[in-house]
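# Chain and residue survey
Read off the chains here:
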Amino acid sequence: MASWIREIAANMGETPRQVVPITVFVAVLCFCLIVGHLFEENRWINESITALLIGCVTGTIILLISKGKSSHILRFDEEIFFIYLLPPIIFNAGYQVKKKQFFHNFFTIMLFGVIGVLVSSSIITTGSWLMFQKLGFNGPTPRDYLGLGTIFSSTDTVCTLQVLHQEETPLLYSLVFGEGVVNDATSVVLFNAIQKLDVNRVDGWTAAGVLLDFLYLFSTSTALGVAAGLVTSYVLKGLYFGRHSSVREIALMVLMAYLSYMLAELFELSGILTVFFCGIFMSHYAWHNVTDSSRITTKHVFAMMSFIAETFIFLYVGMDALDIEKWKMSKLSVWNSIGVYSTIIFLILLGRAAFVFPLSALSNCMNRTSSRSSTITFKHQIVIWWAGLMRGAVSIALAFKQFTHYGTPLDPVNATMVTATVTVVLFSTLVFGFLTKPLIHYLLPHGGGGNLDREPTISKEDMRLPLLSFEESAATNLERAKDGLSMLMDRPVYTIHSFWRRFDNAYMKPTFGGDRSNQSAS
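Quick notes on the rules
- Residues numbered from 1 in each chain as written.
- Predicted model: local features only at pLDDT ≥ 70, side-chain atom pairs only at ≥ 80, totals over all residues.
- Heavy atoms only, no water.
- Phe/Tyr/Trp six-rings, centres within 6.5 Å; stacked < 30°, edge-to-face > 60°.
- Helix = DSSP H or I, 4+ residues; strand = E, 2+ residues; numbered from the N terminus.
- Buried < 20%, exposed > 50% of the residue type's maximum accessible area, 1.4 Å probe, protein only.
- Lys NZ or Arg CZ within 6 Å of the ring centre and 35° of its normal.
- Salt bridge = Lys/Arg side-chain N within 4 Å of Asp/Glu carboxyl O.
- Patch = residues over 30% accessible without salt bridge, like charges linked within 9 Å, V, L, I, M, F, W, Y side chains within 5 Å.
- Areas by Shrake-Rupley, 256 points an atom, 1.4 Å probe, with all protein chains shown as cover.
- pLDDT = per-residue confidence, 0-100.
- Contact = heavy atoms within 4.5 Å.
- Expected span 1.5 Å × (residues − 1).
- Axes fitted to C-alpha atoms, helices over the stretch in contact; angles between N-to-C directions.
- Parallel < 35°, antiparallel > 145°, perpendicular 65-115°, else oblique.
- Left-handed = near helix turned anticlockwise from the far one by under 90°.
- Nonpolar A, V, L, I, M, F, W, Y, C, P; charged D, E, K, R; others polar.

### A few points about the packing of aromatic side chains
By the definition in use, this model includes 17 aromatic pairs. On the basis of an interplanar angle of 25° and a centroid distance of 5.7 Å, the ring pair of Phe 91 and Tyr 95 is categorised as stacked. With Phe 91 and Tyr 95 both in helix H3 (residues 78-96) and 4 residues apart, this pair spans about one turn of that helix. Judged on exposure class, the residue Phe 91 and its partner Tyr 95 are both buried. Ring geometry for Phe 281 and Tyr 285: centres 5.9 Å apart, planes at 40°, overall tilted. In this structure, Phe 281 and Tyr 285 share a single accessibility class: buried. Aromatic rings pair up to connect Tyr 234, Phe 281, Tyr 285 and Phe 512 into one cluster. Seen from the ring of Phe 82, Lys 401 lies directly overhead, with NZ or CZ sitting 4.8 Å from the centre.

### Quick notes on unusual backbone geometry
One non-glycine residue with positive phi stands out, namely Glu 268, at about 60°. Positionally, Glu 268 belongs in the loop between helix H10 (246-266) and helix H11 (271-284). On the basis of relative accessibility, which here comes to 57%, the residue Glu 268 falls in the exposed class.

### Concerning the environment of Ile 54
Considering the arrangement of structural elements, one finds Ile 54 in helix H2 (residues 47-65). A relative accessible area of 11% places Ile 54 in the buried class. Along the backbone, Ile 54 and Val 28 are 26 residues apart, and their C-alpha atoms lie at a distance of 8.1 Å.

### Considering the pattern of salt bridges
Under the counting rule described, the total for this entry stands at 2 salt bridges. When the shortest N-O distance is used, the salt bridge between Arg 352 and Glu 179 registers 2.6 Å. Placement of Arg 352 in helix H14 (residues 334-366) and of Glu 179 in helix H8 (residues 170-195) is noted, with a sequence separation of 173 residues between them. Across this residue pair, the class does not change: Arg 352 and Glu 179 are buried. Put simply, Arg 295 and Asp 292 hold a salt bridge, and the shortest N to O gap is 3.6 Å.

### Quick word on a nonpolar patch on the surface
There is a patch of nonpolar side chains on the surface, built from Ile 34, Leu 38 and Phe 39 and spanning about 300 Å² of accessible area. Within the fold, Phe 39 resides in the loop between helix H1 (2-38) and H2.

### Some points on the confidence of the model for the chain
When the pLDDT values of the chain are averaged, the result is 79; 78% of them are 70 or greater. Contacts from residues 4-13, a stretch scored under 50 in pLDDT, to residues over four places away or in other chains number 0 contacts. Below pLDDT 50 for its whole length, residues 518-522 participates in 12 contacts with residues either more than four positions away or in separate chains.

### Digging into H11
Taking 1.5 Å of rise per residue, 14 residues should cover 20 Å, and H11 covers 20 Å from first to last C-alpha, within 8% of that figure. In terms of residue burial, H11 counts as a mostly covered element, since 14 of its 14 residues are buried.

### With respect to H2
Between the first and last C-alpha of H2 there are 26 Å, a value that for 19 residues agrees with the 27 Å anticipated at 1.5 Å per step. Among the residues of H2, those classed as buried are Ser 48, Ile 49, Thr 50, Ala 51, Leu 52, Ile 54, Gly 55, Thr 58, Gly 59, Ile 62 and Leu 63. Lys 67, located one to two residues past H2, shows a positive phi value of around 60°.

### Thoughts on the packing of H10 against helix H12 (residues 292-320)
Packed helix pairs are specified by the crossing angle of their axes together with the interaxial distance, meaning the distance between the axes. Between H10 and H12, the least distance of the axes is 10 Å, while the angle of their chain directions is 40°. The pairing of H10 with H12 is recorded here as oblique in orientation. For the pair H10 and H12, the sense of crossing is right-handed. Taking contact as the criterion, the partners of Ser 246, Glu 249, Ile 250, Met 253 and Val 254 in H10 are, on H12, Ser 293, Ser 294, Thr 297, Thr 298 and Phe 302. A per-class count over the contact of H10 with H12 returns 4 nonpolar, 5 polar and 1 charged.

### Topic: the environment of Ala 415
On the secondary structure map, Ala 415 appears in helix H17 (residues 412-443). Overall, the relative accessible area of 0% leaves Ala 415 in the buried class. Residues Ala 415 and Met 329, 86 residues apart in the sequence, show an inter-C-alpha distance of 6.1 Å. Not counting the four nearest positions on each side in its chain, Ala 415 is found in contact with Lys 326, Met 329, Ser 330 and Pro 409.

### A short note on the packing of H8 against helix H15 (residues 378-387)
Taken N-terminus to C-terminus, the directions of H8 and H15 make an angle of 25°; their axes are 10 Å apart at the nearest point. Comparing their axes, H15 and H8 come out roughly parallel. The chirality of how H8 crosses H15 is right-handed. Mapping the contact onto sequence places Leu 172, Leu 175, Val 176 and Glu 179 in H8 and His 380, Val 383, Ile 384 and Ala 387 in H15. Partitioned by chemical class, the residues of the contact of H8 with H15 number 6 nonpolar, 1 polar and 1 charged.

What follows is the structure, given as structure tokens:
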């Protein structure tokens with residue numbers, strides 16, 4: 001009995017060291033929610049900016065209380081971010097995405113989200129390698145420069161999305177939202193591919209190897225996410241959990257989504273890409289196989305989890321900006337540090353412009369349709385360019401993963417890289433974020449058009465015969481193939497999307513569930 005009492009007393013003595021910081025952090029999170037609600041009406045300040053500012057204020061108070069020793073309540077662990085905080089953010093993005101617009105603009109979104117990351121990363125890597133040495137910053141290794149390119153290629157489009165109206169500018173909203181998520185996924189995939197690179201032997205074959213590794217990670221991660229979403233949809237459709245308990249079907253969706261992410265990490269794939277496409281396919285199929293109450297609950301629960309995770313990250317970034325130890329460890333002078341930060345911001349602007357405008361022209365060329373307008377105007381291109389200038393949670397997490405050990409830099413070079421990342425995230429979110437609303441209202445005073453015309457209706461016969469039919473003669477099938485090839489050459493993106501819709505309605509939805517109505521807005 002005495003030993004048991006001593007054990008309880010010892011545990012009570014240890015509890016405050018764990019409970020007090022968490023309690024304070026949760027209280028600050030609650031305060032962020034209240035302040036964010038108060039600023040919701042004017043929409044000048046979003047949750048990201050609110051959390052950053054409150055994090056800075058909280059960090060200052062903690063710094064004063066600790067007499068300059070620390071500005072943190074909790075110590076950042078990049079593993080916690082990638083395992084617990086990132087999955088709900090990315091899954092919710094896939095689950096809440098407007099699939100009709102996303103799939104219709106899939107080609108353009110993939111251009112911006114994949115090719116754009118490769119272009120931007122190359123420009124930032126090359127530019128930083130050329131400019132840092134002239135600024136007296138000679139410490140980074142080739143791997144550091146490559147990592148820096150991927151870190152600052154990851155965007156945060158929250159500020160722009162809160163100003164845009166999906167009903168007024170569906171095309172623009174779809175492109176900004178879709179590119180933001182695919183961009184994050186691509187940045188993480190490219191970052192992981194670079195970590196496996198042997199920087200001591202860099203040549204043409206090495207670059208080809210990185211590209212092949214990137215394509216392998218991208219394709220296999222996507223396939224795993226699609227498979228997880230389809231399996232969940234098939235199980236929900238076949239067993240119909242809702243007849244007994246809606247709790248089970250919600251729990252199955254949550255656990256299968258998280259299982260897909262962890263399987264991807266187990267197989268050394270990209271969990272972020274896997275859970276994103278898992279969310280898309282669950283929303284497209286599984287959502288229609290659950291009860292009405294579960295449909296409402298899942299949307300709000302996933303959104304809540306994502307919101308808390310994002311607020312947590314930006315709150316920590318605000319506190320970390322006042323981490324004196326990191327600033328002291330960096331050996332650069334004030335002016336050289338400003339030069340490094342300014343160079344990175346300039347390269348972000350340049351890298352963004354280098355692909356947005358050319359790829360928009362390519363997209364306009366590929367999206368030729370006779371019955372609908374999906375042209376990306378020059379004003380839209382400026383908004384898309386601006387939307388990708390902010391940097392956020394993924395950039396922070398990747399920087400901590402490469403340049404720190406459990407949140408602590410090991411040398412002055414790594415300390416400079418971390419402080420540069422924090423500074424760029426703060427500057428881009430606060431400055432570019434504040435300027436987002438007036439810029440968009442100036443360019444698109446009344447929504448700026450951009451509405452998508454109604455898509456041509458597809459006949460029931462075409463729905464039943466998405467490709468070729470064994471029930472028809474060879475001549476009819478040949479004629480159908482010629483017509484399809486002609487459409488593909490003339491309007492490639494629209495034709496591929498049309499074929500997918502036919503295949504989806506004829507085969508996928510009867511098997512995995514989903515709204516089979518042609519006019520579904522899902």
